[in-house]
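# Analysis of the macromolecular model
Here is what each chain is made of, one letter per residue.
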Amino acid sequence: MWYELFYDTNLLLGVLVFFFTAAFFFLIFNCLGLFFYRQWWGPLGSFFFSTTALILIIISLVFVFFTCLTNGTVWFIDFGRIFFLFDLFDVNLVFCVDNLSVMTSVLVLCLTLSAQFFGVEYMYREAFILRLIYLLNFFATSVVFLFFVYDFFLILIVWELIGLFSLLLVNFYSLRLYTIKAAFKTFIFSRFSDFFIFIVFFFFILVWQSSDLGLLFTQIPFFLFFNVYIGPCGINILNLLGLLLALSGAVKAAQFLFHVWLPDAMEAPTPASALIHSSTLVIMGIYLIIRFNIVYEFSYLGNMLLATLGSFTAAVGAISALFQNDIKKLVAYSTVSQMGYLFCGCGFLAYREVLFYLTIHAINKAFLLILVGYIVHFFTGNTDLRFMGGFYK
């Protein structure tokens, strides 16, 4: 019977690897097919091809998620070494299949599917609809890779790819002057996040001589009294890592002092905004904190920064949203406020509650932006709230 599968470990692992490999095969096949054959298929052909692939990927990952929940285990799938540098460090293509990675991946792919359904109807008569479809899928694929890879060198590479596709989506209407300014601002703030995460990678190589997260996480408690000195000043290495990871996540999650890029990034097409700048891209900063939660178990400075920055962001985002006339910027500042709640929750080590609230917020905000897109469409492209009204008719 089917339930006997859960008592046969070897058979279960084989089935899980099959579904997991099938999901990644469809992800890559979907991106390559959209990129090389988009002109031949046209908008509708690309839409149906991408939708079919995304549905198959979601079905495969839902089965993997059900398996992880049923067995309560974490699976590591190692595809071997892909890069090494003498005795300094080597990089293995390792995927971690646990509840966190599978749940966030299913969430992102479902949001991509809904944004794509909305995007094709919303932008069907535009000349660049094909570019929007394949950029959305490329972005979603790189985010899913970020959730699964378990080597910090690969996280660094995928982090850069996500920043690249985000920039291309924000700069979608590149003939507008304000769009170019918004894309440039998004690019600059993305470089801040990359700078902090690269310093973390540098310390991992310098102190641990490895980028394998499994090895790093097992050794972190033994570095509780390991200090880094810059001249006469010293700081604990775990506190330093907690602060750097928090700052890197704060830029992506649009926290206070780093939040100004998010309202300007609403220059992207409304389907892209629904997917990226209100649900998916801001998830990355929270995911980074949750994945490295063992660092924050020993980093009181990192937790203080998360709680303080999150509380300020929740207040500033909500107050700023009250004074907005642009409906898309209002939703953006609302997202900034909600990200503050999530960041503050991470500072209090409430990771399960944060993940639950993150899922609800992502789904809610994606559909809210889709509704905003229809309202803007109804008013022939106007986004100023002062020129709207008469919905009761």
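Residues numbered from 1 in each chain as written. Predicted model: local features only at pLDDT ≥ 70, side-chain atom pairs only at ≥ 80, totals over all residues. Heavy atoms only, no water.

## Concerning the overall build of the protein chain
Of the regular secondary structure elements, the protein chain holds 13 helices and 4 strands. At 21 Å, the protein chain has a C-alpha radius of gyration in line with the 21 Å of a compact globule built from 393 residues. Burial analysis of the protein chain (393 residues in total) assigns 57% to the buried set. Restricting to contacts in the protein chain with at least 6 residues of sequence separation, those with at least 24 account for 74%. Roughly 17,900 Å² of accessible area belongs to the protein chain as shown, and the carbon and sulfur atoms make up 72% of that amount. (Helix = DSSP H or I, 4+ residues; strand = E, 2+ residues; numbered from the N terminus. Rg over C-alpha atoms; globule rule 2.2 N^0.38 Å. Buried < 20%, exposed > 50% of the residue type's maximum accessible area, 1.4 Å probe, protein only. Contact = heavy atoms within 4.5 Å. Areas by Shrake-Rupley, 256 points an atom, 1.4 Å probe, with all protein chains shown as cover.)

## Quick word on the side chain of Thr141
Here Thr141 lies in helix α3 (residues 129–148). Taking the relative accessible area as the measure of exposure, Thr141 reaches 8% and is therefore buried. In contact with Thr141, other than residues within four places in its own chain, are Leu27 and Cys31.

## Quick notes on the nonpolar core
Of all hydrophobic cores here, the largest spans 139 residues; its most connected members are Phe152, Trp208, Ile237, Ile286 and Phe292. A per-element tally of this core places helix α1 (residues 9–71) first, with 16 residues. Setting aside anything within four residues of it in sequence, one finds Phe152 in contact with Ile197, Val200, Phe201, Phe204, Ser211, Leu213 and Phe292. (Core = buried A, V, L, I, M, F, W, Y, C linked by side-chain atoms within 4.5 Å.)

## Notes on the pattern of salt bridges
Counted according to the given criterion, the structure contains 6 salt bridges. Linking Asp194 and Arg191 is a salt bridge whose minimum nitrogen-to-oxygen distance equals 2.1 Å. Taken as a pair, Asp194 and Arg191 lie in helix α5 (residues 177–208) at a separation of 3 residues, close to a single helical turn. Owing to a relative accessible area of 28%, Arg191 belongs among the partly exposed residues under this scheme. Counted as one network, the salt bridges with shared partners bring together Glu160, Arg191 and Asp194. (Salt bridge = Lys/Arg side-chain N within 4 Å of Asp/Glu carboxyl O.)

## Here's the deal with empty space enclosed by the protein
Following the criterion strictly, the structure yields 1 cavity of 30 Å³ or more and no others. Lining the largest cavity we find Gly163, Ser166, Leu167, Thr186, Phe187, Phe189, Ser190, Ser193, Val251, Lys252, Trp261 and Leu281. Elements that contribute at least two residues to the lining of the largest cavity include exactly α4 (152–170), α5 and α7 (237–252). When residues in the lining of the largest cavity are grouped by element, the largest group, 5 residues, is from α5. When grouped by side-chain class, the residues that make up the lining of the largest cavity number 6 nonpolar, 5 polar and 1 charged. (1 Å grid on protein atoms, 1.4 Å probe; cavity = no way out; pocket = protein on both sides within 12 Å on 5 of 7 lines; lining within 4 Å. Points joined across faces, edges and corners; volume = space filled by probe spheres on them. Nonpolar A, V, L, I, M, F, W, Y, C, P; charged D, E, K, R; others polar.)

Geometry only, nothing functional implied.
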